[in-house]
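Listed below are the residues making up each chain.
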Amino acid sequence: MAHEVGTRPLPPTAAGVEAEAGITLMDRVDGALEGLWHFLSSMRFAVVLMLGLAIVGLIGSLIIQAPPGILAEPEAKANWIAEIGPMGVPIVTFLHGLPVIGAVVPDLRYRDVAGLFDSLQLFGIFNSIYFRIIIAALVISTIACSIHRFPGMVRTATQPRVDVAPTFFEHAPQHEAIVVRHTPAETLELLSGILRAKRYRVLTADGDAIHVYADRFRWAPFAGLIGHLSLVVILAGGIVGATMGYRNTQFTISEGATMPVDAVPGVTIQLLDFTDTYDIRTGAPSDYASQVVLYRDGAEIARHTIRVNDPLRLGDTSFYQAFFGSAAVMTVKDKDGKTLVAQGVPLAWRTTADDRPVGSFTIPGTDYVGWVIGTKGAGDSTIQAGQVQLELYTTGEGTQVGQALLTQGSASTIGGLDITFERESQFTGLNIGRDPGVMLVWLGAFLLFGGFVIRFTLPHKRIWARIAARPNGAVVGVASLGSKEAALGTEFESLVNDIRTALAAPARN
Amino acid sequence: MAKMSEYAFVAALLSTVLATLLYLAYALSGLRAARLQTAGMVVTTPGLGFVSGPRTAAIGRYASIIGWLATFALLFSLVFRAIATGHGPFANMYEFSMAFAFGILAAHMWFERKYHQRILALVALPVAVAMMLYAATIPAEIEPLVPALQNNLLLTVHVAVAIVAYGSFSIAFAASLLYLLQPEGGRWGLPKPQVLDEIGYRAVVIGFPFLTLTIILGAIWADTAWGTYWSWDPKETASLVTWLIYGAYLHARVMRGWRGNRAAWLLVFGFGATLFTYFGNLFFGGLHSYSGLG
Ligand code: HEM
């Protein structure tokens, strides 16, 4: 954005005298609106908002945030709050995917302050009302600021003031007077030559003296403007993504199964194989890979091994590796021996009561849903390795029809159906998403970075000069507003040196 | 190669400590010269910066030479390590702390060359030493990358860009600290407040775009690895907080009532936020999208 030159001695302009008039109501409204506009477009407001947002962010990074969706459901919220770590429990945290045992800073006893925190929306601070207000205010402020400054920026770039007052050459932050023996016209020619050689644009005006204005990178301040407005583009992308995107972070599919992809009608996905690999020496995971095939109306359209940093893209929909777990391969036959189900059931959930892996499947041709509960692992005496607990419920009422502990390979009859736990396999958890806003986000990010880089590397450089005749020559006043950048300061000095070298000083006599 | 990296690291650590001591000696000698000057002795005062006698200047030169040595030793250490691991210094806090320390050293030497203010070393180098000592406490074993980190090019650039930002911010921190320590009008032969203000600003002008790029690259990585470019993970959030503080600084610096002390304080907070972002993993508890799988 434009340099904040308001606080520097500007080239003086004639100040208009405002006409006195009676103050009407309209004037008051006008005044209030103007005040509001002034407030909204002020940098002070912007800085306060940015720091306010920084404080909200700091709180949000210190206080545990609820996973998405949890806070909207009272029961899930209560469960979640009951579960979050009490003080003094070492928490394994992750740095870029590596586990790090967290030093436990008194983890605030969340349970004790949960009511307060919850009512202050601290568990979902990035959806809180005050977060939204700050973001909205920042957008308004940025736009107001841009609109406010735009005309001045255009004027500075296209109609710079060439004939500044003589006093400017005495009071500007950087100024120099050089006496030369050339005529004013010759001086102008030499001076313009020097400036043009330095790639300045040179404008002149005649008056009591020859006025010269030279500048470089006059469009660069607009890059700063673009940098600012790109924030709005990024936020717009975020809003588009949140409102128009599709996301399923909980898509589970077991090995061998084929399932419809809800995000893309007509498309099904088949998991051929999931492999998790670990480093022999350290035991750390080294690879998670889901081999999948996509079909549209039965015909293969894509085949890919999805890895953590290697998603599958199908048009604007992407499939990411997200999680995995064990699955139970179940077969269900009716009385006539007809196979109703032969599939792996992902045990992707946990029972609330005793934290066992659990999953469900529907049984076509019946009114039943089967729930499969797996073992907790070694030491689980109720459901041991090689066993699952099967519970059968009706779909509508949810009443239990029967239950049995199934040992791998042997069939049991439950609710008139022959149900077998064939073997254990694996399922993969995919995150399937479509985000139409993401292109806006990348565009905004590119403009933000590019805009500020240009703005920082190419400052708008402006030089004023005034060539006045004097006996046997001329005197050249050169001035610049200086800059926050010292580089320009030395450049001004080198310019003055160049002028002194190129133009001859008056002969001494 | 891994061994050579460790030797170079030790060399870098020792020479940074030595350089720090030399810079300290330089400062003390300068202080003495300044006192002699006030007492009426003849000493030379270079155009920029520290008052110095001939001895001071000699010590300063040695300090700089050792400083450069340390910088290159650490660079070699990083390069050897990268050859050994096959990737950039992003796999663990050992590698990243080394890179951070290198960022500080390199930024300091660069700013020293440009602005001839050796005195900034008194703040910057101890920070680099602390980072290296911290790195030394972390096992240096090379382990295979976990799946989330298997994005060599993107993460190497991400980290390289980040250390430029962090290095610049530590210089801005050094400048602002000296600015704030300095009583009105300047004393103790410290650089003029305008010079410190200028250095702080120049450092942020470099650091801010680099931090912006760091965050953008992090978002691109998150998008490829997890399918969301932003999830308000504590680490992401902390980097945004840092970015906002430096953004606020860029405005505050040209605002009436904010330029000067308040702007300098923002640089101090900004560096605090930088360290918080960096070490945040050690105290962020609970939910992390970075846990990746499982
Ligand atoms: C999160 C929001 C913002 C960010 C990240 C931001 C960032 C920046 C950056 C990086 C600069 C330095 C580059 C340049 O001079 O163009 C800058 C300058 C500037 N910003 Fe912002 N800005 C934000 C909001 C605003 C708002 C709301 C206003 C309106 C009051 C504003 C007004 C200005 C002005 C006038 C300058 C030029 C200051 C100078 O002369 O150095 N900014 N901003």
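Bear in mind that the values here come from a model prediction, so they are computed numbers and not experimental data. (Residues numbered from 1 in each chain as written. Chains lettered and ligands numbered in written order. Predicted model: local features only at pLDDT ≥ 70, side-chain atom pairs only at ≥ 80, totals over all residues. Heavy atoms only, no water.)

> I'd like a description of the sheet that holds strand β10 (residues 299-306) of chain A, backed by residues and values.
Residue and element names in this part refer to chain A. The 4 strands are arranged β7-β8-β9-β10 in an open sheet whose pairing can be described as antiparallel. Looking at which strands have only one partner, the edges of the open sheet turn out to be β7 (258-260) and β10. Ignoring strand direction, the axes of neighbouring strands in this sheet form an average angle of 25°. (Pairing = 2+ DSSP bridges. Helix = DSSP H or I, 4+ residues; strand = E, 2+ residues; numbered from the N terminus. Axes fitted to C-alpha atoms, helices over the stretch in contact; angles between N-to-C directions.)

> Give me the lowdown on helix α7 (residues 234-252) of chain B, citing residues and values where you can.
Residue and element names in this part refer to chain B. In a regular helix each residue adds 1.5 Å, so 19 residues correspond to 27 Å; α7 covers 26 Å between its end C-alpha atoms and thus fits that length. Burial analysis of α7 places 18 of its 19 residues in the buried class, which makes it a mostly covered element. The backbone nitrogen of Lys235 lies 2.7 Å from a side-chain oxygen of the residue at the head of α7, namely Asp233. (Expected span 1.5 Å × (residues − 1). Buried < 20%, exposed > 50% of the residue type's maximum accessible area, 1.4 Å probe, protein only. Polar contact = N/O pair within 3.5 Å; in protein donor to acceptor, adjacent residues only side chain to side chain.)

> How would you explain the coordination of the iron atom of the ligand if you had to name every residue and give the values?
Around the iron atom of the ligand, the protein supplies His228 of chain A (NE2) and His251 of chain B (NE2) as donor atoms, at distances of 1.8 Å. In this structure, the iron atom of the ligand is surrounded by 6 donor atoms whose angles at the metal cover 84 to 179°, and the resulting shape is octahedral. In this pair, His228 of chain A sits in helix α8 (residues 220-244) while His251 of chain B sits in helix α7, so the two residues belong to two different chains. Like His251 of chain B, His228 of chain A is buried. (Donors = N, O, S within 2.8 Å, 3.2 Å for Na, K, Ca; no water. Tetrahedral: all angles 85-135°; square planar, octahedral: opposite > 155°, others 65-115°.)

> Before we move on, can you summarise the packing of aromatic side chains with the specific residues and values?
Residue and element names in this part refer to chain B. In this structure the tally under the stated criterion is 33 aromatic pairs over all chains. Seen in terms of ring centroids, Phe100 and Tyr166 are 5.1 Å apart; in terms of plane orientation they differ by 50°. Their pairing is tilted. Remark: Tyr166 occurs in helix α5 (residues 152-181) and Phe100 occurs in helix α3 (residues 93-115); sequence separation between them is 66 residues. Taking relative accessible area as the criterion, Phe100 reaches 0% and is therefore assigned buried. Linked through ring pairs, Phe96, Phe100, Tyr134, Tyr166, Tyr278 and Phe279 together constitute an aromatic cluster. The side chain of Arg118 reaches across the aromatic face of Tyr26, ending 5.7 Å from its centre. Positioned over the ring face of Trp258 is Arg262, at 4.7 Å from the centre of the ring. (Phe/Tyr/Trp six-rings, centres within 6.5 Å; stacked < 30°, edge-to-face > 60°. Lys NZ or Arg CZ within 6 Å of the ring centre and 35° of its normal.)

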